[in-house]
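# A structural walkthrough
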Amino acid sequence: MQMTKRLAGGALGLILCFILLYGFHLWTARPLDFQKRVYPLRGVLSQLYVECDGLLDVSSVLRFSVRELKIPSGQIAIINSGKLSRCVVTKDGRWFGGGKVSHDTRFRYASLTKPAFASVIFHLAATSPLELRDPLLKHLPLEASRLSDPRTKSIRIKHLLSHQSGLDEEKRGHGMFSHGKKAWCPDSWQDIAKKKLKYEPGLHTTYANANYCLLAVVVQRLTGKPWFQLLDEHFEISSYGIKVIPSEGYLPDEVNYDFMNSGLYTENYYLYNDLASGASTLGLSGSATGLAKWFSREVLTNTTVSEGLLKWDPSPSCDLSSVKCYMSGFAGYQSVVGKRYFVHTGKLYGASSLIVVSDQNDVLVWLGNGNLPGGGAEKLVKKVVAIMEHGK
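Just so it is clear, the structure is predicted and the values come from calculations on it, not from any experiment.

### Considerations on the state of the cysteines
If you walk through the whole model with that rule in mind, you get three disulfides. Each disulfide pairs two cysteine sulfurs, and for Cys185 the partner residue is Cys213, the sulfurs being separated by 2.2 Å. One disulfide, between Cys185 and Cys213, carries an S-S torsion of -105° and so falls in the left-handed class. Of this pair, Cys185 sits in the loop between α6 (157-161) and α7 (210-223) while Cys213 sits in helix α7, and the two are 28 residues apart along the sequence. Its relative accessible area of 1% is what places Cys213 among the buried residues. Disulfide partners in the chain, listed by the sequence order of the bonded cysteines, are 1-2, 3-4, 5-6.

Right under this line is the structure:
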């Protein structure tokens, strides 16, 4: 009997030893795989740190994003009938909870920058010679003989806003970001003359960061001012703690990002991606509370801008249950009960984001410090819309 116990104890010791050694190997040799394997424990810990204030309980969205979407920390803020409710995971999700996160901690907004910048375009369309139907080449003069694709002459400002220019982020040479290379826009915007469009402008929708980069070039040539300066002058965005991210490194009040699901890139991804050139497409940062307040107070109260930005005109062939029916700054989304929403998702390495605006002008912003899995954006939007419609 004693011999059996000794053998059983020895076997258990060997198993524990193997688990520890294998864990140490993963931790040192394949740290991202190690993080994925132990995430269920980290996720349980993160859910213990959810704190909220306000009348509407939106904590279920954060718990859902931690548990189901594997985003270890985040913020959510909603302005419903003019009143703010918000929640935050108060730890960043590293071991033993990690560093502190508050309602004021800075996250990268990524592509939520686009609807913010679109506000400038609608403001200029109402107050300057810029018109949405203007051909792009009216403001970026190029000789027709230099165009590789004659359809480029048909690109209009409104096509850039709605991602209907014919440029395609997935098409070689169209995208803004290529490992270790400088983006062709804005410094070499003339290279638009070399691009072969995917289709006739205005016929279809394909997402491309270059659309908003070209808009930034138009704005600067028209006004002599950079896009963010105009955004601050006309909409006071910096007073809400919103800033442009640096081209390298991080701002001192930023959250610690989780790169478990970011593929090859980790915290130094800025060394291989031209963030400075892409600022007008994904460069803003701040808190969920700051963006929700700014949009509610500065954009929705500006009738001229909000009517253009929140105009419901999705393509007839678009699937409104997706999050890719791009209109003028936002995508259109329709819930299962037929209610309409204006949505935009965002992603950078280690960061995900979402803004949703209802037809009642309620505004919800969610920010996370990790990357959503495939199909995660649609799942998150469904969860958020359920909260906005039913309060749960």
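From this point on, the discussion continues.
### Here's the deal with helix α12 (residues 376-390)
Here α12 is 15 residues long and its end C-alpha atoms lie 21 Å apart, about the 21 Å a rise of 1.5 Å per residue gives. Within α12 the residues assigned to the buried category are Gly376, Ala377, Leu380, Val381, Val384, Val385, Ile387, Met388 and Glu389. Summarising the contacts, the buried residues of α12 are in contact with α3 (59-67), β2 (74-80), β8 (331-334), β9 (340-348), β10 (351-358) and β11 (363-368). Looking at the residues trailing α12, positive phi occurs at Gly391, about 75°.

### Topic: the sheet that holds β11
Strand order across the open sheet formed by eight strands is β1-β3-β2-β11-β10-β9-β8-β7, with antiparallel pairing between neighbours. Strands at the two margins of the open sheet, each flanked by one partner only, are β1 (50-53) and β7 (325-326). Pairing between β9 and β10: eight bridges, direction antiparallel. Counted as the bridge partner of Thr345 is Leu354 from β10. Contacts from helix α10 (residues 288-299) reach β2, β3 (83-89), β10 and β11, with the element oriented near 25° to β2.

Cut-offs and rules
- Residues numbered from 1 in each chain as written.
- Predicted model: local features only at pLDDT ≥ 70, side-chain atom pairs only at ≥ 80, totals over all residues.
- Heavy atoms only, no water.
- Disulfide = S-S within 2.5 Å.
- Helix = DSSP H or I, 4+ residues; strand = E, 2+ residues; numbered from the N terminus.
- Buried < 20%, exposed > 50% of the residue type's maximum accessible area, 1.4 Å probe, protein only.
- Expected span 1.5 Å × (residues − 1).
- Contact = heavy atoms within 4.5 Å.
- Pairing = 2+ DSSP bridges.
- Axes fitted to C-alpha atoms, helices over the stretch in contact; angles between N-to-C directions.

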